[in-house]
Amino acid sequence: MTINQLILRSFKKNVKNYYLYVFALIFSVSLYFAFVTLQYDPAMDAAKGSIKGGASIRAASVLLVGIVTVFLVYANMIFIKRRSKEIGLFHLIGMTKRKIFRILGVENALLYFLSLGIGIFVGFSFSKLIMMILLKITGVNAVTTLHFSSQSFIQTVIVFTLIFLFILGMNALFIRKQTILSLFRVTSSAEQKVQKLSVWEMFMGIAGISLIAFGYFVSTKLFSGDITEMNELFIAMVIILVSVILGTYFFYKGSVSFIFNLIRKKKDGYLNIKEVLSLSSIMFRMKSNSFLLTIVTTVSALAIGLLSLSYISYYSAEKSAEDNVIKDFAFTSQEDAQIFKNALKSKDLPFEETVIDVVMVHANLKSIIHSGEVMDVDLSKMALPVVSEKSVPGMDVSPTETVFTGYSDMLSKFMSLEDSGKIEFHSKSGSIPLDYIGLRDEYIVSWYFTNGGQPVAIVDDSLFSTLQQDFDPEVQRESSVFIGIDMKKEETIQQANELYLDLGLDENYMNDSQLQMSTDQKLLMGLLMFIVGFLGLTFLITSGCILYFKQMDESEDEKSNYTILRKLGFTQGDLTKGIGLKQVFNFGIPLIIGLSHSYFAVQSGWFFFGAELWTPMLLVMILYTGLYSIFGFLSVLNYKKVIRNAL
């Protein structure tokens, strides 16, 4: 047999074991090619000025290369160790290391560049769809066509060829360092099998759970108002990061074994076949993969968290615009408002106008607001917008009282308000003591007066008149009037918005369109969500593949055990049930820990990104769980095949 025939036979024999690796490689190449194509797509030129994400896409493509490189290198390490006995046999029959390297190199090249070619074709086929998804998410109206970019092709080939050369170099180094004896021992030494739980492992088991619980506890305190000093905030963030990551590592290193050992002791060692195949295997295998599982869990939590936050912002775009602009259109200039009203009348677009006078005062709120160094606000002299009770339908306040309204969730986390208390307004001639009697939810003037979240004080009309006549000019804004325009017919809002833009009224920062603000935020956060989503999907596919490859390895190691169990009379169904439970633990534990980490991360800072939490976060988690579970299912299928062939 010539060496070329040997290469071909070896390739045919191994290619069926690499189907998921080939899939992941094709997926990675196609995603990278499609991503790079976005930069050169003519539709991006058409949408220039709307999508300013070229730099973000380029940065994401670099990150994508990093993720794919780590995955390919790690997968190659698993496969070459798995084939160490085969390499040892080649060496034993007299082949030189150079010839062995040639066999592996040609085989890898066939597999790799075939996948590269298919990946580029798939990426090209789906590039239009990906572009359409991007335009749909960002709300940009542009026409896209199927476009093959030679620049993207050359860039993809160069990047993946460099990765392949790096992998070849690692293989050459591996073959060069190994002796015949060590090649036959690689697989058996790769996994550490411990027979007894030591005191140190018990300590790590308890420490792992305790550290994670402590990190979660501190994260709940972080933005609940209990931690308000800048140094304390920084220290708390470091403590959360260290305790959760270290706790996760200890959890895999000791906690899983510790918990399962307690279960085993409770049963006095009488385990059925299902428990032997699941609990016992997990106890000893998970600790040897603790570092890998810690990385997978941490990055999974990061991907889920970032995707949830970007989706929260995208999902909350309309609500945020409603809170900040109040009416369909908001003006603080009588001239601009008149120009807009004239334009609406000329087009027969019916509207309603709301005019609210606003006076800014310096207020002493020390007795009702709790704040620390984080906000760096002088609560004894805080600039506060004040309106008359007549501007709020149904409101009646006595001359000695005031009600606040429209306090943002984000500010309330850092500066919590009491339910009632004594405050003071400072006018030009003196101080006016008032009773603060409560907080309402609705927003009544635009962000121009509230700085995007400060409450508005509602006072008696006579007091408001006094404040208007005795105001402090130092604290007043350029304008003291809010002019809101609501369209009577919802279907005319889009037409009115086009008029607003055509007249150039958006160039004055004091004017606002609720629809335009919502559209701009959707565009920005849609692009971010698109990039984070694709990077998260890449990481999910690659990490799922790595866990699957590890299970393939374990199934081969445990094949002899299945042979013995089947000779003892256990059926394929008996063994499959135990393996199914084992895969629930193998894939379920990292998934649950990752989801839990991301939940506390999102819960700590979601209010910075929008007004909705549960719907966007749950949708992201359900989607991630569904895709992740596919790899667990494929792993069970692989085990069934190994069990079936065990006899």
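This structure is a prediction, so every number in the text was calculated from the model and none was measured. (Residues numbered from 1 in each chain as written. Predicted model: local features only at pLDDT ≥ 70, side-chain atom pairs only at ≥ 80, totals over all residues. Heavy atoms only, no water.)

(A) The nonpolar core, seen in detail. Residues Tyr 21, Phe 425 and Phe 549 are the most contacted members of the largest nonpolar core, which totals 122 residues. Apart from residues lying up to four places away in sequence, Phe 549 is in contact with Leu 20, Tyr 21, Phe 71, Ala 75, Ile 78 and Phe 79. The next biggest cluster of nonpolar side chains, apart from the first, holds 18 residues, and it includes Ala 330, Val 403, Ile 444 and Val 456. (Core = buried A, V, L, I, M, F, W, Y, C linked by side-chain atoms within 4.5 Å. Buried < 20%, exposed > 50% of the residue type's maximum accessible area, 1.4 Å probe, protein only. Contact = heavy atoms within 4.5 Å.)

(B) Quick peek at empty space enclosed by the protein. Enumeration over the complete set of coordinates arrives at two cavities of 30 Å³ or more. In this model, the largest cavity occupies a volume close to 170 Å³. Along the walls of the largest cavity sit 13 residues, with Tyr 21, Asn 76, Phe 79, Asn 108 and Asn 171 positioned nearest its centre. At the level of secondary structure, the elements contributing two or more residues to the lining of the largest cavity comprise α4 (54–82), α6 (97–138) and α7 (150–177). Broken down by element, the lining of the largest cavity gets its largest block of residues, four residues, from α6. (1 Å grid on protein atoms, 1.4 Å probe; cavity = no way out; pocket = protein on both sides within 12 Å on 5 of 7 lines; lining within 4 Å. Points joined across faces, edges and corners; volume = space filled by probe spheres on them. Helix = DSSP H or I, 4+ residues; strand = E, 2+ residues; numbered from the N terminus.)

(C) Local environment of the layout of surface pockets. Space inside the second largest pocket adds up to approximately 650 Å³. Looking at the second largest pocket, it is lined by 24 residues, and the ones nearest its centre are Ile 240, Leu 241, His 597, Phe 600 and Ala 601. Sorting the residues of the lining of the second largest pocket by element identifies α9 (199–222), α10 (230–266), α12 (290–315) and α21 (572–605) as the ones contributing at least two each. Sort the elements by how many residues they give to the lining of the second largest pocket and α21 lands first, with seven residues. Its residues placed into classes, the lining of the second largest pocket shows 17 nonpolar, seven polar and no charged. (Nonpolar A, V, L, I, M, F, W, Y, C, P; charged D, E, K, R; others polar.)

(D) Representation of the sheet that holds strand β12 (residues 512–513) in the model. Spatial ordering of the open sheet is given by β2-β11-β1-β12, a layout of four strands whose pairing is antiparallel. Edge positions in the sheet fall to β2 (351–357) and β12, since each has one partner strand and no second. Against the sheet, helix α18 (residues 493–502) contacts β1 (329–331), β11 (481–487) and β12, and its axis sits at roughly 35 degrees relative to β1. (Pairing = 2+ DSSP bridges. Axes fitted to C-alpha atoms, helices over the stretch in contact; angles between N-to-C directions.)

(E) Expanded view of the packing of helix α19 (residues 514–557) against α21. At a closest axis distance of 11 Å, the pairing of α19 and α21 adopts a crossing angle of 140 degrees. α21 is crossed by α19, and the crossing has right-handed handedness. Here α19 contributes Gly 544, Leu 547, Tyr 548, Gln 551 and Glu 554 to the contact with α21, which in turn contributes Lys 582, Gln 583, Asn 586 and Phe 587. (Left-handed = near helix turned anticlockwise from the far one by under 90°.)

(F) Here's a closer look at the sheet that holds strand β9 (residues 431–440). Strand order in the closed barrel formed by six strands is β3-β5-β10-β6-β9-β8, with mixed pairing between adjacent strands. In this sheet, neighbouring strand axes are inclined to one another by 45 degrees on average, regardless of whether the strands run parallel or antiparallel. Where strand β3 (residues 359–364) lies against strand β8 (residues 421–426), three bridges are found, and the strand directions are antiparallel. Counted as the bridge partner of Asn 364 is Glu 424 from β8.

(G) Fine view of the pairing of β8. Taken together, the six bridges between β8 and β9 define a ladder with antiparallel strand orientation. Bridge pairing in β9 places Phe 425 opposite Ile 432. In sequence, β8 turns back onto β9 through a hairpin of four residues.

(H) Spatial organisation of the environment of Ala 457. By the element assignment, Ala 457 lies in strand β10 (residues 456–459). Residue Ala 457 is classed as buried on the basis of its relative accessible area, which comes to 0%. A sequence separation of 70 residues divides Ala 457 from Val 387, and the C-alpha atoms of the two residues are 6.3 Å apart. Apart from residues lying up to four places away in sequence, Ala 457 is in contact with Leu 384, Pro 385, Val 386, Val 387, Thr 402, Val 403, Phe 404 and Phe 425.

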